[in-house]
Amino acid sequence: MNWPIHRWLQPAVVAVLAAVAAVLLGVSVGHGDAAHAAAMPVTGEVLNYASPVELLFSPDGARLYVLCQQSDEVRVLDAKSDAAIKSITVGRVPRGFSLSASGDRLFVANSWDDTVSIIDTKSLAITATWPVGSEPSSIVADREGKRLFVANRISNDVAVLDANTGVEEKRLAAGRGASYITPSPDGSRLYVTHVYPNPTPHRTAPESEITVIDTARAVVVDRIILHNIAHAFHVAFSADGRLGVAAEMHPKNLIPLAHLEHGGAFADTLMLFGADVGKPVEIPLDELERYAVRPFGVAIMADKSRIFVTCEGSELVTVLDVQRLLRFAHTHRGPNAQDLSASADYVIAHIAVGHDPRGMAMKHDGHSLLVANRLDDTISVIDTRTNRLASTIALAGPKKLSVLRHGEQTFYTARHSFQGQIGCANCHIDSTFDGLTWDLEPDGFGRDIVDNRPIEDVKDTEPFKWNGGNPNLPTECGPRTEKYFWRAENYDDLTLTDLVVYIRSLQARPNRWRRPISESTPAQERGKDLFTRDKDKFGNAILETNRCVFCHSGKKGTNQKSFDVGTKKWTDNTGPLDTPQLTNIGITGPYLHDGSAATLEQIWTVFNPEDKHGRTNDLTKDELNDLIEYLRTR
Amino acid sequence: MRVCASVLRAVAWVAFLLPVCGFAPNPSQKIGTDVIVTAALAYEPLAAIRGEERFPKGAQLLLLHDGKTEPLLTDFAATADANVSFDAHRVLFSGKKRVTDAWQIWELTLRDHDVRQLTEGQQDAIRPLYLPDGNMVYALRTPQGFQLESAKIALTENSDGQKPAGTLAVLPLTYSQASAVPADVLADGRILFEAGFPLGSGAVPEMFLVYSDGSGVESYRCDHGTGMVGGRWGGKQLASGDVVFTHGDSLARFTSPLAHEERIAAPHAEYAGAIIETASGAWLVSARSTNSSPYALKLFKPGAVASRTVYARGENVVEPVLVAPRNRPRRHPSALHEWDYANMLALDARISRDGPLSGVPVSVRLEMQDAAGRAVAMGTAPVEKDGSFFVKAPADKPIRFALLDGKGAVLRQEHGWFWIRRGEQRICVGCHAGPERASENRVPAVLLRTTTAVDLTSAVQHSLSGGN
């Protein structure tokens, strides 16, 4: 090949420019996240956007409730005039809300406060705030008004609360990252989805579930297995309860990510279940050259004629004809996710909406479907009779696009990748991680299988990649992403800079195990001693370089250097491995560079036979548990 | 009111569709913008795919501007193949200064009418198209027929502003024993080109895709025009993303949802190539009603069965292009490695649009086409039980695969030839699986056994009978 030099120089120039710009923009960010960028003390401009994620109509249809994730509010609008009635401040990063059966109470799950807010819908005032589990993400009341069910993303369960006192009765095990609860039309069952895949053996397909709860008995009565699914979001039911539809993501993480054409990275699908289909059937939404990236919200017309699906990354709503869909489902029992021409059988429209469309709400007349555009601060109104955008409601707030906001939009959109197939958020769910391992092409097919590291609190943890090959985020997100992920022309310089500023602003979600030092548990204290020890149990000195605290030093648990810790496999290329940060390590499995350790314990009991990854073979099971208890606080 | 509106619409359409034969004095105003066309006494649109001359009696670029028709360039013996830059400031074209010259690629700056030569040689260079980032793609005549090359346009000028003769940096994009001619550059950056099907061995015109570094070559769709007579060619992408092309005596399209072509209701005619989408949404096309009449410019609304002639003369008027800004396609970032070979991983060689195999594939044979067109066996590699195989293949050469059973008998053999670029790592879902077939999420068994590809780049070579 005879390529001109400046073709190669250009990415480097972009990277340098972006790095300089990032510094100039003041990215010494103390904390921040996908939802809370506005609250951060950055020297760049910080604006308090609303970031609507979910919508609800009051039972009489007169009010529209808008759950605003960044401004920590429920905004109440007049459903006819769209005029603001009131804004109610709730807890941090509210993620889900629902009404009581009578509509007199509004329940809000505050994911970063670990609380739920109870709002009286007459006075529009908060009447109670109750503590719940870890990262509550969705909340639903039973029809009788006796119980509340709260999905906890971190503890992977559903808490059952007394609806009047907030006292927790029990927890029901759900999938990993339990996040969304949908009641059946008669209220007798709850269907719970989760955003991180359930653990499966190394280099096998991910698996998820829809946890089915009997509402009256508050017990799990079924687990609908979602084979090959890593992330599932909203569920919707037809009015007759015979058709359930779950929005989900079907990754291709087990084959080398060599190119993006022909759905090489993800299939964006729906899972159909219920009496109308019998055994669950997976239905793809993608086309040969157009993708329905990250399906999130689902709505079904009351007459069961059409299904609407918000696709976050594609910034559109996909419309499906139910009769055609069912006909397809009955004649194509699967697997269907590999067929990019299948959607032609039942997808009848794509409606462009705003940035990062999430939850939807149907007006009572069934003629208007409202879509919350999280990163636009708008609500798209779709005319369901024409399948077209009828109008757009702009929520009150900043109209200016800040650097952080633009960076976040860039993170969530799929428009930069080849044929718009993936975005950063495909593998960093809600700006975190995905619980998967990937086989990236440049390291060789089948070589250097990599665990997808979380990006929370990623600032000042350079270098990046497990081999430490990328010195900074502009390189990581610029030239590398362009060549090996997007496989398409990447961002302009300013967009890359904004993206980097956004990523560097991401703060760690609250650590649920960490307490003030004086309140650490005995196990945590013992674990900390093991983490920092310089002698083993036999009194022998541990080499400084083989102490946990040597590599995993500092506030973030990394000395930002690379080492060989004896964990390499035959599939790995040569060279040391970057020391990963320990931020929220308790929830980010699998572990090790290739994700081969399903649990923290396996790091030492299975993959540390020669004590190269710290001296641990002298420790008992209980002592390893103590070490884990401490690590969870990081 | 509804009746009135219908009548008005009908009247408007009758007026629009009234055929106007012969010269139309103000074509560019009807189209809404300036148009460049190629006028030629004789035009053989598919000749280049056969490696032959499309304009055996010469050709001349004309500018249809403000009701006038004038030659775009005056000091050339022949000009053709206009392609307007994305900002509409420049025009690429193929031209000959003297009748005896070979076609070469030139660029015209519209503002000052400056013309500069971009290619130089004894062989024809035709059909230039702008690529993103100052590149162009064109077809160069070689001993193997026309082959696609890309070149950096900016490099043709040195610091003195003079064209450095013979030093144009070029990158061959196609590696076939048969001609290929570029048709369009798609919005996603891929190059749409025409060649005979099966690629490298057949003669029926078909459309293929390749990235701008020559990697990822494949058929646009694998239905290959089932049920319709004639080849597919003259593809052009619309703003919607659909690709419209000529198929037989009509037009057809590829859409994103469908794995097969869709016929378009269009005026019955013999089409001379790609349609052009005008700002109003109408389609401008070169066509003729009988093969004894010259091609003329016609305009019609998509879906209409009648067209209106907007420009005709006593010779063929073909290859219309609008002189108007258009969206720049996205640049393809080449990720080729610095290797002199290529890797290919088949996820499941058993998957094919051609149906199930008659036996269980045990090995795969890689065949390479030599300069004489003969098939040369490069060796075999095992096929795993899940149908996967992983081979190191010779780069930039026409190759194909044959699946063998346990006795070495051929279970299935590819009809055409393709290539893998130097440093390319290619994954195929199956053998002729079709672009609608996405991969299944499982680790290919071959990668659980080894990550070293079976080296078939220099195996003992045996000539095979039946080579093309």
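Residues numbered from 1 in each chain as written. Chains lettered and ligands numbered in written order. Predicted model: local features only at pLDDT ≥ 70, side-chain atom pairs only at ≥ 80, totals over all residues.

Moving on to the overall build of chain A. From N to C terminus, chain A includes ten helices and 32 strands. What you see for chain A is a C-alpha radius of gyration of 24 Å, in line with the 26 Å of a compact globule of 634 residues. Taken along the three principal axes of its C-alpha coordinates, chain A extends 75 × 65 × 50 Å. For chain A, buried positions account for 57% of its 634 residues. (Helix = DSSP H or I, 4+ residues; strand = E, 2+ residues; numbered from the N terminus. Rg over C-alpha atoms; globule rule 2.2 N^0.38 Å. Buried ≥ 20, exposed ≤ 12 C-beta atoms within 10 Å, placed from the backbone.)

Further remarks concern the overall build of chain B. The secondary structure content of chain B amounts to three helices and 34 strands. Looking at chain B as a whole, 53% of its 468 residues qualify as buried. Residue pairs at least 24 apart in sequence account for 55% of intrachain contacts in chain B once pairs closer than 6 positions are excluded. (Contact = placed C-beta atoms within 7 Å.)

Attention shifts here to the nonpolar core. Counting 258 residues, the largest nonpolar core has V74, V150 and V158 of chain A together with I36 of chain B as its most contacted members. Every residue in contact with V74 of chain A, bar those within four places of it in the chain, is listed here: Y65, V66, L67, I88, V90, F97, L106, V108 and I119 of chain A. (Core = buried A, V, L, I, M, F, W, Y, C linked by C-beta atoms within 7 Å.)

What follows is about the sheet that holds strand β21 (residues 295-300) of chain A. All names here are of chain A. In space, the four strands of this open sheet follow the order β21-β22-β23-β24, with antiparallel pairing throughout. Each of the sheet's edge strands pairs with one partner strand only, and the pair in question is β21 and β24 (347-352). Across the sheet, the mean angle from the axis of one strand to that of its neighbour is 20°, orientation sign disregarded. Where β21 meets strand β22 (residues 306-311), four bridges bridge the pair, whose relative direction is antiparallel. Each bridged residue has a counterpart across the sheet, and for P295 the counterpart in β22 is C311. Lying over the sheet, helix α2 (residues 322-331) contacts β22 and β23 (316-321), oriented at roughly 70° with respect to β23. (Pairing = 2+ DSSP bridges. Axes fitted to C-alpha atoms, helices over the stretch in contact; angles between N-to-C directions.)

All names here are of chain A. In spatial order, the strands read β5-β6-β7-β8; together these four strands make up an open sheet with antiparallel pairing. Each having just a single partner strand, β5 (94-99) and β8 (125-131) make up the two edges of the open sheet. Strand-to-strand, the axes of this sheet are offset by a mean angle of 20°, without reference to chain direction. Where β5 meets strand β6 (residues 105-110), five bridges bridge the pair, whose relative direction is antiparallel. In the sheet register, G96 faces β6, and the bridge partner there is A109.

Before going further, it helps to examine the packing of helix α7 (residues 522-532) of chain A against helix α10 (residues 621-631) of chain A. Residue and element names in this part refer to chain A. Here α7 crosses α10 at 95°, and the two axes come no closer than 7 Å. Accordingly, the angle class assigned to the pair α7 and α10 is roughly perpendicular. Where α7 abuts α10, its residues A523, Q524, R526, G527, K528, L530 and F531 lie against E623, N625, D626, L627, I628, E629, Y630 and L631. For the contact of α7 with α10, the residue count by class is seven nonpolar, three polar and five charged. (Parallel < 35°, antiparallel > 145°, perpendicular 65-115°, else oblique. Nonpolar A, V, L, I, M, F, W, Y, C, P; charged D, E, K, R; others polar.)

Contact with chain B, which involves 37 residues of that partner, is made by 45 residues of chain A. Put simply, the parts of the chain that give the side of chain B that touches chain A at least two residues each are β26 (341-346) and β32 (425-428) of chain B.

Another point: the confidence of the model for chain A. Mean pLDDT over chain A works out to 92, with 93% of the residues at or above the 70 mark. Scored below 50 in pLDDT, residues 1-43 of chain A makes 82 contacts in the model with residues more than four places away or belonging to other chains. (pLDDT = per-residue confidence, 0-100.)

Quick look at the domain arrangement of chain A now. All names here are of chain A. What the domain assignment lists for chain A is domain 1 (231-398 + 416-454) and domain 2 (517-631). When each unit is reduced to the centre of its C-alpha atoms, the spacing between domain 1 and domain 2 is 39 Å. Every contact between the two is made by 13 residues of domain 1 and, on the other side, 14 residues of domain 2. At three residues, strand β30 (residues 449-451) tops the list of elements feeding residues into the side of domain 1 that touches domain 2. When grouped by side-chain class, the residues that make up the side of domain 1 that touches domain 2 number four nonpolar, four polar and five charged. (Domains from an automatic or database assignment.)

For the rest of this paragraph, the subject is the domain arrangement of chain B. Residues and elements named next belong to chain B. Segmentation of chain B into domains returns domain 1 (9-322) and domain 2 (341-463). The interface of domain 1 with domain 2 comprises 17 residues on the first partner and 17 residues on the second. Class assignment for the residues of the side of domain 1 that touches domain 2 results in seven nonpolar, seven polar and three charged.

Attention shifts here to the environment of C428 of chain B. Residues and elements named next belong to chain B. Here C428 lies in strand β32. Taking the number of C-beta atoms within 10 Å as the measure of exposure, C428 has 21 and is therefore buried. Through-space distance from the C-alpha of C428 to that of M344 is 7.5 Å; in sequence the pair is 84 residues apart.

Before going further, it helps to examine the pairing of strand β6 (residues 104-109) of chain B. Residues and elements named next belong to chain B. Within β6, five of the six residues are buried, which leaves it mostly tucked inside the rest of the structure. Looking at chain direction, β6 and strand β7 (residues 114-117) are connected through four bridges and run antiparallel. Paired with L108 across the strands is V115, a residue of β7. Between β6 and the antiparallel strand that follows it, β7, lie four residues; H113 among them carries a positive phi value of about 60°.

This paragraph deals with the confidence of the model for chain B. All names here are of chain B. Summing up the model confidence of chain B, the mean pLDDT is 89 and the portion of residues at 70 or higher is 88%. Of the regions scoring below 50 in pLDDT, residues 10-25 engages in 19 contacts with residues more than four places distant in sequence or in other chains. Scoring of the predicted complex yields 0.92 for pTM and 0.90 for ipTM.

On a regular strand, one side chain projects to one face of the sheet and the next to the other, so that they alternate. All names here are of chain A. Burial within strand β7 (residues 115-120) is extensive, with five of its six residues counted as buried. The pairing of β6 with β7 spans six bridges and is antiparallel. Residue pairing for β7: A109 is matched across the bridge by V116. Connecting β6 to the antiparallel partner β7 that follows it, the hairpin turn spans four residues, and D114 within it adopts a positive phi of roughly 60°. Sheet analysis places β7 next to β8, joined by six bridges and oriented antiparallel. Directly across from D120, in β8, lies its bridge partner A125. Counting the residues between successive antiparallel strands, the hairpin from β7 to β8 contains four residues, one of them, L124, with a positive phi of roughly 55°.

A word on unusual backbone geometry. All names here are of chain A. Residue P335 follows G334 across a cis peptide bond; omega there is 0°. Along the polypeptide, P335 turns up in the loop between α2 and β24. Note the cis peptide between E462 and P463, where omega equals 0°. Note that P463 resides in the loop between β30 and α5 (473-486). Within the chain, A218 stands out as a residue other than glycine whose phi angle is a positive 55°. Under the C-beta neighbour-count criterion, A218 is labelled partly exposed, with 17 such atoms within 10 Å.

The next point concerns α2 of chain A. All names here are of chain A. Where α2 is concerned, the buried positions are V322, L325, F328 and A329. Buried residues of α2 fall within an arc of 125° about the axis and therefore sit on the same side. In this structure, α2 carries Q323, H330 and T331 as exposed residues pointing more than 90 degrees from its buried face. (Arc of directions from axis to C-beta.)

Our focus in this paragraph is α10 of chain A. The complete set of buried residues in α10 of chain A reads D626, L627, I628, E629, Y630 and L631 of chain A. Tucked inside the fold, the buried residues of α10 of chain A contact α7 and α9 (600-605) of chain A.

Our next topic: the environment of E312 of chain A. Residue and element names in this part refer to chain A. By the element assignment, E312 lies in the loop between β22 and β23. A residue is classified by how many C-beta atoms lie within 10 Å of it, and E312, with 28 of them, is buried. Taking C-alpha positions, E312 is 6.5 Å from R358, a pair spaced 46 residues apart along the chain.

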